[in-house]
Each structure stands twice: as structure tokens, then as C-alpha cells.
Amino acid sequence: MGEGVLTTGFQRRNGELRCDDVSLRSIAAAVGTPSYVYSAAAVRDAYGRLETALAGLPAHIHYAMKANSNLAVLRVLRACGAGVDVVSSGELHRALLAGFSGSQIVFAGVGKTRAELEHALHVGVQCVNVESEAELELLSHVAIARGAIVPVSLRINPGVANVTAGHAYIATGEAGSKFGIPLARGLKAAARADALPGIELVGLDMHIGSQIADVEAFADAQRRLRGLLDGVRAAGITTIRSVDVGGGFPVAYHDAEPTADLDGFARVLRDTFGDADVALIVEPGRFLVAEAGVLLTEVLYRKESAPKHFMVVDAGMNDLLRPSHYAAYHEIEPVFESAAPLQVVDVVGPVCESGDFLALNRSMPDVGAGTLLAVRNAGAYGYVMSSTYNSRPRPAEVLVEGDRWAIVALRESQDDMVRLERIAPDWRSA
Ligand code: LLP
């Protein structure tokens, strides 16, 4: 696959940005805005690129569905052969609905409840990624109560520096992070897991953050994990058969940002674990879906408030939180190429917050009300982080398959938003 040359997803034809063989304008006309649009082909493309890079390694891809958990998107990835990484009972439920079997699911997450652990056992997940000694003890109790033996992978915090090419919020593997068991306690935790009834220690696992562009960062963390694996085996614990080497592959939100060095990653993996006699798991989210999605939004108003020029659009921080939450950059383009002169604008949403923006100080064609815009690379951490703040219904989601498209999540209605509330509460006595 040629580096950087995408043949699927979002491309211009005769000046119009299209999703594969479907016009984004026709989707917007039929479904309205704001709406997310995903390209099934682009998801498969990303999956294929990673699979190709990992060829020859005993590695399996478990899609981190937190990035985009739409059922139809999950089915695309399941058809590719992916397993799935879930972090809640809700995600587990979705994974099952999308057709994944328990044995294709790893259950991660720093704060699993007893009910969630029970759900994992009931489903028979491939393994539970345990993030603390206390969780290990609880899981042992839950397993004993069910008369089950649960496969466990210990999530280790390798204690690397913040190696992400992005916001501090997306680092997960540095000392002091809430995630995982510190490396220095790994051996002790492994011994405890080995000794506890109801637990079978089958794996080690880590995740060092999202947007990891530097393969040396992966190498450093993986060598630490390999050291622990060797130490655990030297201590006589011989049950470990998988290593999950999390850390998210980067997506270039901006032309200047690096793309994922998948071959470099595979080389590091081979160098570090090639002779370790373990199955390898990778758990990418963003890489598989980010580029495969856009958020369509329409310009509602132009206004000026010196020294600023504003483009007020119909999508807000409730629809796409990343710009305001992480100061994330998303390219924004008119769906129809515009010859308008460039103007530096803030692209802002309708939400009553000054932090409600999709772009700040952005040089964009000076387009007016009614213009359809595409916010690029919105397939990951877009819809899944949306909310109904300001009682704004969540947007629709559309999946494109070649020259066909389908609504894969209806736009939320105003009634949907109040459905769980009770205007006449059912009071109970204390
Ligand atoms: N596995 C674990 C244990 C994780 O914590 C994460 C992401 C992933 C896998 C997937 O990482 P990815 O391949 O997507 O980089 N909402 C943020 C990203 C938070 C990521 C947290 N964990 C954003 O919008 O950038």
C-alpha cells in the first residue's frame, strides 16, 4: 500500500468532497446536519495497512471500540477479522450485538465494577485486563462465586515519559498515571495473580498513550514489559501466553504531523518479542477509524466582533468535543471547493460556552451562511464523546459503502432526550 496515498474515503471530484462514490451534499440534504459520515472502505483500508505491517508476527488486532462504537462500524471491523477491546459493560453489550464472540473480546478499564466483572465472566471474554491489585482480589472472588477460572492479563504501567504527540490527557503510561500497575510491582502482582484461586494469569498488557509517533517510545516501553515477562517466567510462573502492546498509532490531523510508522512498529515488536513465545495483541482505536469519518456541518451565520471574524456553524462542542477539550486541530473544508478569498476565522458552535469552537484563528475560504463544511478526521472520538449539552440532540451517523449509504444511527429526537426523565416523580418514603 503506497504511503500516504489513500484511495478510499474522502476525495474531491469536480470540486466536490465526496465519501467514496457518494456525494456528501446528497447525504446532508437527506439527513441534515450536523451528521457524521464514515467510509467503510477507509476503515477496511486502515485495517489492511496494519494487518500487512504485522504479517509474519503472531499478532492480532483488537479494535479499541472506545474510538467509535457504532454497531455498523463494529461490524465492518469484525468482518475484517478484528477482535475488540472493551472498557465497560456497555461496550461489551455493543460488541456482542455486533456479533463478536466472548473469545474475541478483551475487557480493559481502570474502574470495572463487580457487575462489569460478572458480565465479563458470563460472556467468557478472552481475558480481563486487570489494572490494580485490588481489582485482582475482587475478580478472584467473583470467579470463585461462579465456580469459574478467569483468564487475566495484568496491565502494567511501564512508567515512560509522556510520549504522545498531543495533549497530556491522552498519555496513559507515565509514572503517576491512574492506569495499570506500576512496573516495579509487576512481579509481585503476577505472583499474587498466580496464587489466587479463580484466576489464570495468561497475559501482560500495557498502553502508553494515544498518538504515539516515535517508534523508539514503543521500543522503550516494550523492552520494559519484556523484562517483566522474563522476570515472571524466571520466578516460575509459566502460564503467560499473550502480551498486549498498546499505545495508539498516530493520525495526522495536520499535514505537518507524522503518520504512523507501522513497519517501524512491527520491527520493534519483532525485535522485542520475536523470541518470547507469546501471542501479541495490538489495540488501536483512532488509527482504524479517524480518517474514515467527517462531521458535516452547515454555516449558520457569519459575524464580526473586532478583531474576530466568526463562522457560526450548526455543530458544537456537544457534537465534537476534541477541539475544545484537547485543543485538537481538525481540518475544516467547504464540501464544495470555494474560490472565496481566505479569511482568518474562529469556527464556533451554537453552545453557550466560550469554549465551544471547532477551530480558532483558522485561515479558511470566506464562505457564507448555508455553506456545507466537512470537519475531517472525525471518525475517532467524535460521536462517542458527544453529549446533549444545551439539550442539543446528538447527530446522525451515516455509513458509506461504495456508492451506497445508510443511516447507522438516527439523529436523536427531542423526545429521546427527555425519555428517561420523570416530570411527575415516583416519590418513595425514606
Ligand atoms: N487501549 C487503551 C487501554 C486505551 O486507553 C486507549 C485509548 C486505546 C487502546 C486506544 O488508543 P488509540 O489507538 O485510539 O490511540 N479521547 C481522546 C483519546 C483518548 C484515548 C484514551 N485511550 C482523543 O480524542 O484524542
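Residues numbered from 1 in each chain as written. Predicted model: local features only at pLDDT ≥ 70, side-chain atom pairs only at ≥ 80, totals over all residues. Heavy atoms only, no water.

Regarding the nonpolar core
Ranked by size, the top nonpolar core spans 105 residues in total, and within it L154 and F273 carry the most contacts. Considering every element that reaches this core, the biggest residue donor is helix α2 (residues 40-54), with 8 residues. Here this core spans two domains, and each of domain 1 (10-39 + 290-418) and domain 2 (108-284) adds at least three residues to it. Beyond its immediate sequence surroundings of up to four residues, F273 is in contact with Q222, L225, R226, L229, V243, V245, V278 and L280. If you look at the next biggest cluster of nonpolar residues, it comprises 17 residues, including F10, L17, C19 and V335. (Core = buried A, V, L, I, M, F, W, Y, C linked by side-chain atoms within 4.5 Å. Buried < 20%, exposed > 50% of the residue type's maximum accessible area, 1.4 Å probe, protein only. Helix = DSSP H or I, 4+ residues; strand = E, 2+ residues; numbered from the N terminus. Domains from an automatic or database assignment. Contact = heavy atoms within 4.5 Å.)

Thoughts on the site of the ligand
Around the ligand, 15 residues are found, and the nearest of them are S210, E283, R322, Y326 and Y381. Within the side chain of K66, an N or O atom sits 3.5 Å from a nitrogen atom of the ligand. S210 has a polar side-chain atom sitting 2.2 Å from an oxygen atom of the ligand. In isolation the ligand has 580 Å² of accessible area, and contact with the protein removes 92% of it. Counted by class, the shell around the ligand contains 6 nonpolar, 4 polar and 5 charged residues. (Near = heavy atom within 4 Å. Polar contact = N/O pair within 3.5 Å; in protein donor to acceptor, adjacent residues only side chain to side chain. Areas by Shrake-Rupley, 256 points an atom, 1.4 Å probe, with all protein chains shown as cover. Nonpolar A, V, L, I, M, F, W, Y, C, P; charged D, E, K, R; others polar.)

As for the domain arrangement of the protein chain
Segmenting the protein chain into domains produces domain 1 (10-39 + 290-418) and domain 2 (108-284). For domain 1 versus domain 2, the distance between C-alpha centres works out to 35 Å. Contact with domain 1, which involves 9 residues of that partner, is made by 7 residues of domain 2. Between domain 1 and domain 2, a total of about 820 Å² is buried, with carbon and sulfur atoms accounting for 61% of that surface. Put simply, domain 1 and domain 2 have 0 salt bridges between them. If you look at where domain 1 meets domain 2, you find 0 residue pairs in polar contact (both at pLDDT 80 or more). Of the residues that constitute the side of domain 1 that touches domain 2, the class distribution is 3 nonpolar, 3 polar and 3 charged. (Buried area = accessible area lost by both parts, 1.4 Å probe. Salt bridge = Lys/Arg side-chain N within 4 Å of Asp/Glu carboxyl O.)

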